[in-house]
Amino acid sequence: MIAEIGQNIYIPFLDRLKIIYADMDGKYQEAADYYSFECTECEDNCCFTRFYHYTLIEYLYIKEGFHCLENKKQVEVKQRSLAVCRKTDEADEKGKPVQQMCPVNSGSLCVLYPYRPMICRLHGIPHELQRPGQGMLNSPGCGTFALKCHEKKRFKFDRTPFYMQMAALEKEMKEAVGMTQKIKMTVAQMIVTFGDG
Ligand code: SF4
């Protein structure tokens, strides 16, 4: 079903997604500048985390980025994605933990950096989030942030408006394509579904 969605339908939604992402990146940078936090040479690399992504719009944007890679790179990323999915499935079946690098990370760089999903953009810095029917949730930053910046007074970084904008865009996008199924996928799982572009 996802593979059948035509570019003419989803491209205008991707244009709107780019605007939301730019706002997110701006707010993240503002917070990072406040803390003087740099996400470089981090031993606890968050690209080892098994992040799940929940939106069709992020899936389609990753797909767009993947197909902009040169063919050789696409093949490499696809092969790494298949290996990651296979190893993850094996470990899950045995109930064993597994930690693997995201297949899009090559030489410590994200080869789809401009296309990376929301959580990759926001991870690391302490934030607040208002969930419907719940109070404001306060979350700490990542381990590296805690080590480097624990003495600084907290900067207000509210993710709520971004989550709301993403949810509204996703709803509209799904209505436009008539899709009701929920999405929960890692980047590796997304990439193995992409055809040759
Ligand atoms: S998509 Fe990019 S930033 Fe996100 S986990 Fe993968 S390599 Fe890291």
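Sequence positions are assigned chain by chain, starting from 1 and proceeding in written order. Reporting of local features is limited, given that this is a predicted model, to residues whose pLDDT is at least 70; pairs of side-chain atoms are given and counted only at 80 or more, and all residues count toward the totals for whole chains, interfaces and linings. To obtain the side-chain values, all non-hydrogen atoms of the structure were used and water was disregarded.

Engineer: Help me out: how do you make sense of the overall build of the protein chain in this one?
Structural biologist: Strands are runs of DSSP state E lasting at least two residues, helices are runs of H or I lasting at least four, and both sets are numbered from the N terminus onward. Summing up its helical and strand segments, the protein chain has 7 helices and 4 strands in all. Taken over C-alpha atoms, the radius of gyration is set against a globule rule of 2.2 Å times the number of residues to the power 0.38. Against the 2.2 N^0.38 benchmark of 16 Å for 197 residues, the protein chain shows a C-alpha radius of gyration of 18 Å, consistent with a compact globule. In this description, accessible areas are obtained by the Shrake-Rupley approach with a 1.4 Å probe, and a residue is regarded as covered only by the protein chains that are shown. Total accessible area on the protein chain stands at roughly 11,500 Å², and carbon and sulfur atoms take up 54% of it.

Engineer: Would you mind going over the site of the ligand with me for this structure?
Structural biologist: We call a residue near a molecule or strand whenever a single non-hydrogen atom of that residue lies within 4 Å of it. Taken together, Cys47, Cys102, Val104, Asn105, Cys110 and Cys120 make up the full set of residues adjacent to the ligand. Here the shell around the ligand is composed, by residue class, of 5 nonpolar, 1 polar and no charged. Note on residue classes: Ala, Val, Leu, Ile, Met, Phe, Trp, Tyr, Cys and Pro are nonpolar, Asp, Glu, Lys and Arg are charged, and everything else, Gly too, is polar.

Engineer: Looking at this structure, I do not really get helix H3 (residues 71–94). What am I missing?
Structural biologist: Note on helix geometry: an α-helix contains 3.6 residues per turn, so any two residues three or four positions apart are oriented the same way. Over its 24 residues, H3 extends 35 Å from the first C-alpha to the last, a length consistent with the 34 Å expected when each residue adds 1.5 Å. Every buried residue of H3 is listed here: Gln74, Val77, Lys78, Ser81, Val84, Cys85, Thr88 and Ala91. Count one or two residues on from H3 and you reach Gly95, which has phi positive near 70°. The length a helix should cover is 1.5 Å for every residue beyond the first. Throughout this description, buried means an accessible area under 20% of the type-specific maximum (1.4 Å probe, protein chains only), exposed means over 50%, and partly exposed covers the range between.

Engineer: How should the pattern of salt bridges be read in this particular structure?
Structural biologist: Oppositely charged side chains are able to pair whenever their charged atoms sit close together. Only one rule defines a salt bridge in this text: a Lys or Arg side-chain nitrogen within 4 Å of an Asp or Glu carboxyl oxygen. Summed over the entire model, instances satisfying the criterion amount to 11 salt bridges. A salt bridge links Glu76 to Lys73; the shortest N-O distance between them is 3.8 Å. With Glu76 and Lys73 both in helix H3 and 3 residues apart, this pair spans about one turn of that helix. On the basis of relative accessible area, Glu76 is assigned to the partly exposed category, the value being 26%.

Engineer: Just to check I follow, could you spell out helix H2 (residues 56–68) for this structure?
Structural biologist: If you check H2, its first and last C-alpha atoms are 19 Å apart, about what 13 residues at 1.5 Å a residue would give, namely 18 Å. For H2, a buried count of 10 out of 13 residues is recorded, marking the element as mostly surrounded by other parts of the structure. Along H2, the residues that are buried comprise Leu56, Ile57, Glu58, Tyr59, Leu60, Tyr61, Ile62, Lys63, Gly65 and Phe66. Contacts: residue pairs with any heavy atoms within 4.5 Å of one another. Structurally, H2 contributes buried residues whose contacts are with helix H1 (7–35), H3, helix H4 (118–122), helix H6 (160–177) and helix H7 (187–191).

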